[in-house]
Amino acid sequence: MAILLFLSLCLVTNTYRVGATLPISRTEELEERHRKLIHKPPIRSIQTEFGYTIDCVDINKQPAFDHPLLKNHKLQRKPTFLQRRSRTSEHVLPTRTSVFELEKDSCPIGYVPIRRTTKDELIRMKSLSDYTYYSLVQGAPGTHFAALYTKKRNNNSYVGVNAHINVHNPRVKKHQMSCAQIAVQNGEHDGINTILFGWQSDAFKKTGCYNMLCPGFVQIDRNVFLGIGVRNISDYGGQQFELPLSILQDSNSKNWWLIVNDINVGYFPAALFSNMSVADLVGWGGRVTGVVKGTSPQMGSGYFPDGDLTHACFARRISYNVPESLQEPQKNPLEIYVDKPHCYNLTYFGFFDDNNRYTFQFGGPGGDCGM
């Protein structure tokens, strides 16, 4: 049976303040969440080309507000910051922006898209989630990284991270996942709070990623949502399709907003985090999870970096936000972390050219990478 590879927006958080829930098992918690979801009648349902259903739910009654820390939360319909994304010369690199499956469809005003998920799908997501350690640069058995990140210093204070990452379709098997991401992170060890945002390929066909395991995300946009399908995939040596991605903190509300293609998808309220008033580390790169018969999946395009941006996966125009300004990493040394260089690698070019600015490539074929 052929496996349908599915590309989606993926997001992971560690929120150690979520201690207000009852001490029940994870499976029981998922069953309870599913019960609440099916009792939110949609005003409209949309069947997607990828084979799953989107329900249009009242924006004020979406699943986020079932979270105990958000009982008195005031909805923020748009951020207070301005998005300034410079235009690039498309003829320099054959790059276009990927489009999403609901580009020509949307929920009515006052309603937001929520991907319908069965209890079995939630349980499968939970099993994949348990297999992954949610940190940009700290590994766990079966999880491998190729990451570029800022050095930790006592005075580090970041409020956002940005990049244009091209979209590929790495080969994965059942119970495997391959992701390209940007990240903000704060804290150490068990006190780490992390948000990872990017595209993902997995072999679950309908599970998307960990979005339903991240309670509290407030959906705002009527078209683009976490877990949405991405239509356009880059060709090796040919046309490249990319997603401009940002994680930005609103300076007034302190909520962390997720932005793709200049669309404010939604946000994680500040109340969810134990240690995320700012980030002390930001980064970019790839991550894979799952060892099947001794084999780890491909990362990025499945090819090692070689300097040709139409070959290995790239992250270009990387930058980060500090209070009051957007900065590039020309004066801030960056660290490279690759845990299995015979399977995956990362090459940082620094300033590439005026169009791509600060750029790197990452990825590899996977294979016998060990644990």
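Residues numbered from 1 in each chain as written. Predicted model: local features only at pLDDT ≥ 70, side-chain atom pairs only at ≥ 80, totals over all residues. Heavy atoms only, no water.

**Overview of the overall build of the chain**
Alright, step 1. Scanning the chain for helices and strands turns up two helices and 19 strands.
Alright, step 2. Within the span of the chain, comprising 371 residues, buried residues form 56% of the whole.
Alright, step 3. In the chain, the share of contacts with a sequence separation of at least 24, taken over all contacts with a separation of at least 6, comes to 80%.
Alright, step 4. Accessible surface for the chain amounts to roughly 15700 Å². Of this, 49% is attributable to carbon and sulfur atoms. (Helix = DSSP H or I, 4+ residues; strand = E, 2+ residues; numbered from the N terminus. Buried < 20%, exposed > 50% of the residue type's maximum accessible area, 1.4 Å probe, protein only. Contact = heavy atoms within 4.5 Å. Areas by Shrake-Rupley, 256 points an atom, 1.4 Å probe, with all protein chains shown as cover.)

**Concerning the sheet that holds strand E3 (residues 53-58)**
Alright, step 1. An order of E2-E3-E5 is seen for the three strands of this open sheet, with the pairing classed as antiparallel. Each end of this open sheet is capped by a strand with a single partner; those strands are strand E2 (44-47) and strand E5 (111-115). Mean inter-strand twist for the sheet, computed between neighbouring axes without regard to direction, equals 30 degrees.
Alright, step 2. In terms of strand pairing, E2 meets E3 through four bridges, oriented antiparallel. Along E3, the bridge assignment pairs serine 45 with aspartate 55. (Pairing = 2+ DSSP bridges. Axes fitted to C-alpha atoms, helices over the stretch in contact; angles between N-to-C directions.)

**Some remarks on the pattern of salt bridges**
Pairing between side chains of opposite charge can happen when the charged atoms of each approach one another.
Alright, step 1. Taken as a whole, this structure holds four salt bridges when the rule is applied.
Alright, step 2. When the shortest N-O distance is used, the salt bridge between arginine 316 and glutamate 242 registers 2.8 Å. In this pair, arginine 316 is assigned in strand E15 (residues 313-322) and glutamate 242 in strand E11 (residues 240-249), connecting sequence segments 74 residues apart.
Alright, step 3. Assessed through its relative accessible area of 2%, arginine 316 is described here as buried.
Alright, step 4. The class for glutamate 242 is buried, based on a relative accessible area of 4%. (Salt bridge = Lys/Arg side-chain N within 4 Å of Asp/Glu carboxyl O.)

**Notes on the pairing of strand E9 (residues 193-202)**
Alright, step 1. In terms of burial, E9 is largely enclosed, as ten of its ten residues are buried.
Alright, step 2. Pairing of strand E8 (residues 177-186) with E9 involves ten bridges; the strand directions are antiparallel. Across the sheet, glutamine 185 pairs through a bridge with threonine 194, a residue of E9.

**A look at the packing of aromatic side chains**
Alright, step 1. Applying the stated criterion across every chain yields a total of nine aromatic pairs.
Alright, step 2. Here phenylalanine 145 and tyrosine 337 contribute two aromatic rings whose centre-to-centre distance is 6.2 Å and whose plane-to-plane angle is 55 degrees, an arrangement assigned as tilted. In this pair, phenylalanine 145 sits in strand E6 (residues 143-150) while tyrosine 337 sits in strand E17 (residues 334-338), placing the two residues 192 residues apart along the sequence.
Alright, step 3. Centroid distance phenylalanine 351 to tyrosine 358: 5.6 Å. Interplanar angle 75 degrees. Geometry classified as edge-to-face.
Alright, step 4. On the basis of relative accessibility, which here comes to 38%, the residue phenylalanine 351 falls in the partly exposed class.
Alright, step 5. Through a chain of ring-to-ring contacts, three or more aromatic side chains come together here, namely Phe217, Phe268 and Phe273. (Phe/Tyr/Trp six-rings, centres within 6.5 Å; stacked < 30°, edge-to-face > 60°.)

**Looking at the nonpolar core**
Alright, step 1. One finds Ile165, Ile182, Val184, Ile247, Trp284 and Ile318 to be the most contacted residues of the largest nonpolar core, which totals 71 residues.
Alright, step 2. Not counting residues within four places of it along the chain, the set of residues in contact with isoleucine 165 comprises Ala180, Gln181, Ile182, Trp199, Phe241, Glu242, Leu243, Leu245, Cys313, Phe314 and Ala315. (Core = buried A, V, L, I, M, F, W, Y, C linked by side-chain atoms within 4.5 Å.)

**Notes on the environment of serine 253**
Alright, step 1. Inspection of the secondary structure puts serine 253 in the loop between E11 and strand E12 (256-260).
Alright, step 2. Remark: the alpha-carbon pair of serine 253 and alanine 271, spanning 18 residues in sequence, is separated by 10.0 Å.
Alright, step 3. At a separation of 3.1 Å, a polar atom in the side chain of serine 253 contacts the side chain of asparagine 255. (Polar contact = N/O pair within 3.5 Å; in protein donor to acceptor, adjacent residues only side chain to side chain.)

**Some points on unusual backbone geometry**
Alright, step 1. One non-glycine residue, asparagine 261, lies in positive phi territory at about 55 degrees.
Alright, step 2. Turning to its location among the elements, asparagine 261 is positioned in the loop between E12 and strand E13 (263-268).
Alright, step 3. Here the phi dihedral of glutamate 324 falls at roughly 80 degrees; this positive angle occurs in a residue that is not glycine.
Alright, step 4. As for its position among the elements, glutamate 324 is in the loop between E15 and strand E16 (325-327).
Alright, step 5. Using a relative accessible area of 82% as the deciding quantity, one classes glutamate 324 as exposed.

**What to know about the side chain of aspartate 250**
Alright, step 1. In this structure, aspartate 250 sits in the loop between E11 and E12.
Alright, step 2. Although buried, aspartate 250 forms no salt bridge, and the nearest oppositely charged side chain, lysine 254, lies 7.6 Å from it.
Alright, step 3. Within the structure, the side chain of aspartate 250 is placed 2.9 Å from the side chain of glutamine 76, a separation counted as a polar contact. (Lys, Arg positive; Asp, Glu negative; His and termini not counted.)

**Notes on the confidence of the model for the chain**
Alright, step 1. Overall, the prediction assigns the chain a mean pLDDT of 81, with 75% of residues at 70 or greater.
Alright, step 2. The secondary structure element of the chain with the lowest average pLDDT is strand E1 (residues 6-13), at 53, and the one with the highest is strand E19 (residues 358-363), at 98.
Alright, step 3. Here residues 15-25 is modelled with pLDDT under 50, and outside its nearest four sequence neighbours on either side it reaches 16 contacts, counting other chains as well.
Alright, step 4. Considering only residues more than four positions removed or in separate chains, one finds that residues 85-91, a stretch of pLDDT under 50, has ten contacts. (pLDDT = per-residue confidence, 0-100.)

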